[in-house]
Amino acid sequence: RGKIVFKSDRGGSEATYMLDPGSGEVTLITQPWVFTLAQDQLSLSPDGQNRLLVKEDDNNILQVFVRSLQYGSERKLTSLRKTNYDPAWSPTGGWIAFVSADPGNDEIYRMDPSGAMVQRLTNNDWEWDKHPSWSPDGSQIVFYSNRDTSRRQLWIMDADGGNQRNLSSNEFEDWDPI
């Protein structure tokens, strides 16, 4: 808790690492189940009753849906014109972060759990931002982007999209932070 697990090529091939945002220390994670478990938790609601999923709508566009684990019912949350993916539930349950290609490149958005209020958090010309994940208290979102360096780097921002900054700032490819 309070650490960022991510993929990187810093050891010469793809591996899982952990970043302590406070100290900047990076540690190699040798057990693959750590990342898999963390990844699985992104789409689960904090109360464990619902799971986010991505599937095609009637127009063959990938949208974010929510499935009730108790009843098996599904409800579409996004209705944007282009692909939507990488949904992640906030730890408080009040927001869902996701990626949309709606503006022409991949940008990070957040929406309330009903899907009624959608807010774009990042804004790039051609660069992309992907794989949002919430901090344990829900105040920040970590993601990866190719902005500034043209390499995948770890970035973090406030939950409202403010204060965006590069966490990795290195010569490696770092991606899929959780």
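Residues numbered from 1 in each chain as written. Predicted model: local features only at pLDDT ≥ 70, side-chain atom pairs only at ≥ 80, totals over all residues. Heavy atoms only, no water.

**What to know about the overall build of the protein**
- Assigned secondary structure in the protein consists of 1 helix and 15 strands.
- Relative to a compact globule of 178 residues, whose C-alpha radius of gyration would be 16 Å, the protein shows 16 Å and is just as compact.
- Dimensions of the protein along its principal axes, counting C-alpha atoms only, are 45 × 35 × 30 Å.
- When burial is assessed residue by residue, the protein has 46% of its 178 residues classed as buried.
- Long-range pairs, those at least 24 residues apart, make up 32% of the contacts in the protein with a sequence separation of at least 6.
- As presented, the protein carries roughly 8,900 Å² of accessible surface, and 46% of it is formed by carbon and sulfur atoms. (Helix = DSSP H or I, 4+ residues; strand = E, 2+ residues; numbered from the N terminus. Rg over C-alpha atoms; globule rule 2.2 N^0.38 Å. Buried < 20%, exposed > 50% of the residue type's maximum accessible area, 1.4 Å probe, protein only. Contact = heavy atoms within 4.5 Å. Areas by Shrake-Rupley, 256 points an atom, 1.4 Å probe, with all protein chains shown as cover.)

**Here's the deal with the nonpolar core**
- I108, L121, W134, I141, F143, M157 and I178 are the most contacted members of the largest nonpolar core, which has 18 residues in total.
- If you list the elements that add at least two residues to this core, you get α1 (33-42), β7 (84-89), β8 (96-100), β12 (140-145) and β13 (153-158).
- For this core, the element with the highest residue contribution is α1, accounting for 3 residues.
- With sequence-adjacent residues up to four places away left out, I178 is seen in contact with K3, I4, V5, F35, A38, Q39, L42, H131 and S133.
- Listed in part, the 9 residues of the second largest apolar core include V64, I96, Y109 and M111. (Core = buried A, V, L, I, M, F, W, Y, C linked by side-chain atoms within 4.5 Å.)

**Remarks on the pattern of salt bridges**
- According to the stated counting rule, one finds 12 salt bridges in the structure shown.
- In this structure, K3 engages D20 in a salt bridge whose closest nitrogen and oxygen atoms are separated by 3.5 Å. Placement of the pair is K3 in the segment before β1 (4-8) and D20 in the loop between β2 (15-19) and β3 (26-29), with a sequence separation of 17 residues.
- Look at D20 and you get partly exposed, because its relative accessible area is 22%.
- Among the ionic pairs, R51 bridges to D40, the shortest N-O distance being 3.5 Å. Placement of the pair is R51 in strand β4 (residues 50-56) and D40 in helix α1, with a sequence separation of 11 residues.
- Overall, R51 belongs to the partly exposed group, its relative accessible area being 23%.
- Connected through salt bridges with shared partners, the residues K55, R67 and E74 form a single ionic network. (Salt bridge = Lys/Arg side-chain N within 4 Å of Asp/Glu carboxyl O.)

**Focus: the sheet that holds β3**
- One open sheet holds the 4 strands; their spatial order is β3-β2-β1-β15, and the pairing between them is antiparallel. This sheet does not close on itself; its edge strands, each paired only once, are β3 and β15 (174-175).
- The pairing of β1 with β2 spans 5 bridges and is antiparallel. Of the residues in β2, the one forming a bridge with S8 is A15. (Pairing = 2+ DSSP bridges.)

**Let's talk about the layout of surface pockets**
- The space that makes up the largest pocket amounts to roughly 740 Å³.
- Surrounding the largest pocket, 29 residues form its lining, K3, S133, W134, P136 and I178 being those nearest its centre.
- Those elements giving two or more residues to the lining of the largest pocket turn out to be β1, α1, β11 (129-134) and β12.
- In terms of residues, the lining of the largest pocket owes the most to one element, α1, which gives 6 residues.
- Within the lining of the largest pocket, the residues separate by chemical class into 20 nonpolar, 6 polar and 3 charged. (1 Å grid on protein atoms, 1.4 Å probe; cavity = no way out; pocket = protein on both sides within 12 Å on 5 of 7 lines; lining within 4 Å. Points joined across faces, edges and corners; volume = space filled by probe spheres on them. Nonpolar A, V, L, I, M, F, W, Y, C, P; charged D, E, K, R; others polar.)

**Focus: the packing of aromatic side chains**
- This structure, assessed with the given rule, holds 3 aromatic pairs.
- Measuring from ring centre to ring centre gives 5.6 Å for W128 and Y144, while their planes differ by 80°; the resulting arrangement is edge-to-face. Here W128, found in the loop between β10 (118-120) and β11, pairs with Y144, found in strand β12; they are 16 residues apart in sequence, far enough to count as distant.
- Using a relative accessible area of 24% as the deciding quantity, one classes W128 as partly exposed.
- In this structure, K130 packs its charged tip against the face of W128, placed 5.3 Å from the ring centre.
- Here the guanidinium or amino end of R152 rests over the ring plane of W175, the centre of that ring lying 3.9 Å away. (Phe/Tyr/Trp six-rings, centres within 6.5 Å; stacked < 30°, edge-to-face > 60°. Lys NZ or Arg CZ within 6 Å of the ring centre and 35° of its normal.)

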